[in-house]
Amino acid sequence: MLSAVAARKQQKSVIVTTNAEVVEPILDVDPVPSSKPPSKRKFDQTNSNTASRKRKRQAVASEEQPMYEEDTKERYSTIVIKSNGRGYSPSAPVAIAEDTGLINPNEDEHTLSTFVPKLGQNLFIEKIRQNDNSESISTSVYLTLSLGEKLSFTGSVSLTVVRGTVSMFGCLISASPRSHAIFAPKGYPIATMEVQELGDAKDPICEVPSILSTQANNKSCIVKLEDLRSGVDEILNLYGSSDTTFEWSQDFSIGWALQDFHPIQTVNRSSMVFQNPSSWKEALDDLSSYEDTPSVMIKGPKNTGKSMFARIVTNRLLQRYRRVAYIDCDIGQTEFTPPGMVSLHVLTEPVFGPPFTHLRQPFRAHFVGSTSIRSLHLHYRACVLQLLETYRLDVRYAFDLDDEGPAYDVQRSTEEIPLVINMFGWTKGTGADITREIESAASLTHVFTLDPDDTLQTNGQQLQSEGISYTVLEAIKLLHSDSTAADKRALMLMSYFHRKPEGLIPLNQVSNGESSIQWRTELPLCAMPPWEVKWAEAFDKIVLIGNGSEDVHRTEVLRALNGAIVALVEVETFSSDWSSMQADHEDDYLGGTSIPYIQGTGPPPPASSRCVGYALIRGVRASTGVLHILTPVSPVDLKRVRVIVMGEIRLPIQGMLDHRPRARVLGHIAGVDYANVPFLYWNTGLPGTPGSKKLRVRRNLMRKSQMER
């Protein structure tokens, strides 16, 4: 082992080169022996040598590593210490290959769109008045593209393929009357539409409008674009994140006549572009050629692209099957529901966009009560296993269609419904044990593992074991993102509570997997009219789960419920053990109204219950036994809810504020001054006030047993 002085001398021998040529140092050179033994006078020599070494390091840095400037972006310096190491530089980003799904950050600009719009030649704008007495005008934009042409954009748009086939986020969209909602915020991969196949006039699926009479007989790809006007952009403005906005600077000189459609011609190195890695393409091709009905599991550590790959797999299977079952096991970063629940969905249409843009009413769901399974892993395990049982008994063979469907849908299979399982990111310890148990209970055919560090050294390779195909894939990591995991969960909750009530369809109609895409943001949550519910008549039980819930006394339960997010649970049959716990104490009565709460009660058994959605308890009136509740759940499903369960899911701060311009100017929330609003504090208090500042966690402190004696 080299001494510190020898190591520094050896590090100085490292050859510094440019990116064009990297020379590795020779690591087995013996250090030059010193002519004098080191002095034992540590105090004086330490002070002098420290200043001397600091000056030497500054001089070496100024000579060997030039500072980063705008006009010298290509002159990055790379220092290689190990022969199998990776080039690093304090001033240059690490280059990423093109097949990782992102742009090479060493490139200043990257051309995305090869489509060149020309009004009247390949770009046609059609404006139609809704009716004779109406002033509203609907605008449709038709594009005629050649084979291989690309068009990238951000925004929210309705896309209909009139002729030919295009690819979008790894999914093929063929000509059909069905329109697809595309959502592409800035903080997520940019949407790129690429023509895969051309169509001609013999295609009877869609009729070419009269405005395209000159292109009617040509062999081309025709795409129709329309504004969604769903209100999702207001959700992003309400959330207030610069990382999740749809607007983009205009690259094309021509106008597109659409409000929420922003085409992109070139991007800089900080942008994200969706691209399939080579291992992903091979895995998807192998899955498409699988003869039987597949059951797929996607697993791996967090922030590796599991949800994105699961979305691509689902869209790819929907090209072959009418319906695809999707079990979401990631309660921290859910795909179709708010965080904190595991859910089973039956999908009929591909999804394009981040999770907060395609919320769905689940076929069946169970409330776990937290965004982590560490403290509730037994209940989590029971919920997931029950969803697998529901898929086997009620979903896999129960959706056979008698009719053949429309002409454009006749090729898709209806005999059996495939399954896609998206796992959580806890891959060690108890998390690995739960994953293995779910894997053995799911009767899988394919298991895809995303490996972020290539530790398995088997990327793209397949292993067969007991009829299951195991494939290790490359992981995708974002270059940068201003949004944390907690921010994304907050965005999901805000999107959920601002959905229009008719946007979430009743459970008895959920088999088609569709829902309207509409949000309402005219009023903040604090100003929306709530449901007024008497808890003694509406609920049979009030349950609290999660850390610390067992310590909440009966007399304090109303304080805990005020302002909380609760799960609305339908209990089909009360089990003997769970239903035997009844409230029979005198202090359960407040204002003459009984509170159906028992301290320490566990969650309802998943075998006899389901979660139909979330509700926000905006206020509690103890004198009359009334709860004020906000929820987007349909009234048909609310009639069957007899249990509410409170967990660790909390309302984000955006849900407590008043985003209306007048309220911001006057400095109040729903007519109440900031100083008088409960639960919110607008300053850190007086200097020296205990607990007035943000809690800081110290992770550099050791226990007494860890300290050297």
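In this text, all values refer to a predicted model and were calculated from it rather than measured experimentally.

Cut-offs applied
- Residues numbered from 1 in each chain as written.
- Predicted model: local features only at pLDDT ≥ 70, side-chain atom pairs only at ≥ 80, totals over all residues.
- Heavy atoms only, no water.
- Helix = DSSP H or I, 4+ residues; strand = E, 2+ residues; numbered from the N terminus.
- Buried < 20%, exposed > 50% of the residue type's maximum accessible area, 1.4 Å probe, protein only.
- Areas by Shrake-Rupley, 256 points an atom, 1.4 Å probe, with all protein chains shown as cover.
- Expected span 1.5 Å × (residues − 1).
- pLDDT = per-residue confidence, 0-100.
- Contact = heavy atoms within 4.5 Å.
- Core = buried A, V, L, I, M, F, W, Y, C linked by side-chain atoms within 4.5 Å.
- Pairing = 2+ DSSP bridges.
- Axes fitted to C-alpha atoms, helices over the stretch in contact; angles between N-to-C directions.
- Phe/Tyr/Trp six-rings, centres within 6.5 Å; stacked < 30°, edge-to-face > 60°.
- Lys NZ or Arg CZ within 6 Å of the ring centre and 35° of its normal.
- Arc of directions from axis to C-beta.
- Salt bridge = Lys/Arg side-chain N within 4 Å of Asp/Glu carboxyl O.
- Parallel < 35°, antiparallel > 145°, perpendicular 65-115°, else oblique.
- Left-handed = near helix turned anticlockwise from the far one by under 90°.
- Nonpolar A, V, L, I, M, F, W, Y, C, P; charged D, E, K, R; others polar.

1. Overview of the overall build of the protein chain
Inference 1: Secondary structure summary: the protein chain contains 13 helices and 31 strands in total.
Inference 2: Across the 709 residues in the protein chain, those meeting the buried criterion constitute 48%.
Inference 3: A total accessible area of about 37,000 Å² is found for the protein chain, and carbon and sulfur atoms account for 50% of it.

2. Examining helix α5 (residues 306-317)
Inference 1: For α5, spanning twelve residues, the distance from its first C-alpha to its last is 16 Å, which sits close to the expected 16 Å at 1.5 Å a residue.
Inference 2: With twelve of its twelve residues buried, α5 lies for the most part within the structure.

3. What to know about the confidence of the model for the protein chain
Inference 1: Summarising the model, the protein chain shows a mean pLDDT of 75, and 66% of its residues fall at 70 or more.
Inference 2: In the predicted structure, residues 14-36 sits below a pLDDT of 50 and forms 28 contacts with residues beyond four places in sequence or in another chain.
Inference 3: When the criterion is pLDDT under 50, residues 583-589 qualifies, and its contacts beyond four places in sequence or with other chains add up to 14 contacts.

4. Structural notes on the nonpolar core
Inference 1: Grouped together as the largest cluster of nonpolar side chains are 56 residues, with contacts concentrated most on F539 and Y614.
Inference 2: Sequence-distant contacts of F539, that is, excluding residues within four places in its chain, are made with V533, P596, L627, I629, V641, R642, V643 and I644.
Inference 3: In terms of nonpolar packing, the next biggest core, distinct from the first, is built from 55 residues, F274, L284, M308 and L318 among them.

5. Digging into the sheet that holds strand β23 (residues 541-544)
Inference 1: What the six strands build is an open sheet, ordered β22-β28-β27-β24-β29-β23; its pairing is mixed. At either margin of the open sheet sits one strand with a lone partner, and together these are β22 (531-534) and β23. Here the strands of the sheet are splayed against their neighbours by 40° on average, with no regard to which way each runs.
Inference 2: Across four bridges, β23 lies against strand β29 (residues 643-646) in parallel orientation. By the bridge assignment, I542 is partnered in β29 with I644.

6. Here we look at the pairing of strand β18 (residues 419-422)
Two faces, one strand: in a regular strand the side chains alternate between the faces of the sheet.
Inference 1: Residue alternation in β18 divides its side chains into two sets, L419 and I421 and V420 and N422, and both sets are buried.
Inference 2: Here strand β14 (residues 295-299) runs beside β18; their pairing, made up of four bridges, is parallel. Looking at β18, one finds that V296 is bridged to V420.
Inference 3: Relative to β18, strand β15 (residues 324-328) runs parallel, the two being bridged by four bridges. For A325, the partnering residue across the bridge sits in β18 and is L419.

7. Describing the packing of aromatic side chains
In this description, an aromatic ring pair is defined by two values, namely the gap between the centres and the angle between the planes.
Inference 1: Here the structure, examined in full by the defined rule, presents twelve aromatic pairs.
Inference 2: Ring geometry for W280 versus F309: centroids 5.0 Å apart, planes at 65°, classification edge-to-face. Highlighted residues: W280 in helix α4 (residues 278-288) and F309 in helix α5, separated in sequence by 29 residues. Of the two residues, W280 and F309, neither departs from the other in class, the shared state being buried.
Inference 3: Ring geometry for F309 and F448: centres 5.3 Å apart, planes at 75°, overall edge-to-face. In this pair, F309 is assigned in helix α5 and F448 in strand β19 (residues 446-451), connecting sequence segments 139 residues apart.
Inference 4: What links up through ring pairs into an aromatic cluster is the set F115, F153, W256 and F261.
Inference 5: A cation over an aromatic ring shows up here: R374 above the ring of W426, its NZ or CZ 4.3 Å from the ring centre.

8. Quick look at helix α7 (residues 430-441)
Side chains of residues three or four places apart in an α-helix project in the same direction, reflecting 3.6 residues per turn.
Inference 1: Over its twelve residues, α7 extends 17 Å from the first C-alpha to the last, a length consistent with the 16 Å expected when each residue adds 1.5 Å.
Inference 2: Within the sequence span of α7, burial applies to G431, A432, I434, T435, I438 and E439. For α7, the buried positions fall inside an angular range of 160° around the axis, keeping them on one side. Of the exposed residues in α7, those oriented more than 90 degrees away from the buried face are R436 and S440.
Inference 3: Where α7 is buried, its residues meet β14, α6 (377-395), β19 and β21 (468-474).
Inference 4: Positive backbone phi, at 55°, marks S443, one or two positions downstream of α7.

9. Digging into the pattern of salt bridges
Inference 1: Going through the model one piece at a time under the given rule, you end up with 16 salt bridges.
Inference 2: With a closest N to O distance of 3.7 Å, R316 and D285 form a salt bridge. You can see R316 sitting in helix α5 and its partner D285 sitting in helix α4, a full 31 residues away along the chain.
Inference 3: On the basis of relative accessible area, D285 is assigned to the partly exposed category, the value being 48%.
Inference 4: Measuring nitrogen to oxygen at the nearest pair gives 2.7 Å for the salt bridge that ties D637 to R640.
Inference 5: The exposure class assigned to R640 is partly exposed, which follows from its relative accessible area of 32%.
Inference 6: Because the salt bridges share partners, they merge into one network encompassing E570, D637 and R640.

10. Examining the environment of S174
Inference 1: Structurally, S174 can be placed in strand β8 (residues 171-174).
Inference 2: On the basis of relative accessible area, S174 is assigned to the partly exposed category, the value being 43%.
Inference 3: Each C-alpha atom, one on S174 and one on V161, is 6.3 Å from the other, the two residues being 13 residues apart in sequence.
Inference 4: Excluding residues within four positions of it along the chain, S174 makes contact with V161, G164 and T165.

11. Quick notes on the environment of R554
Inference 1: With respect to the secondary-structure elements, R554 resides in the loop between β23 and α10 (557-561).
Inference 2: Residues R554 and P596, spaced 42 residues apart in sequence, show a C-alpha to C-alpha distance of 9.4 Å.

12. Describing the packing of α6 against α7
Inference 1: One way to put it is that α6 packs onto α7 with a least axis distance of 11 Å and a crossing angle of 15°. Of the possible angle classes, the one that applies to α6 and α7 is roughly parallel. Here α6 and α7 pass one another in a crossing that is right-handed. When α6 is examined against α7, the residues H377, Y380, R381, V384, L385, L388 and R392 are found in contact with a partner set consisting of T430, I434, E437, I438 and A441.
Inference 2: Looking at side-chain class alone, the contact of α6 with α7 contains seven nonpolar, two polar and three charged residues.

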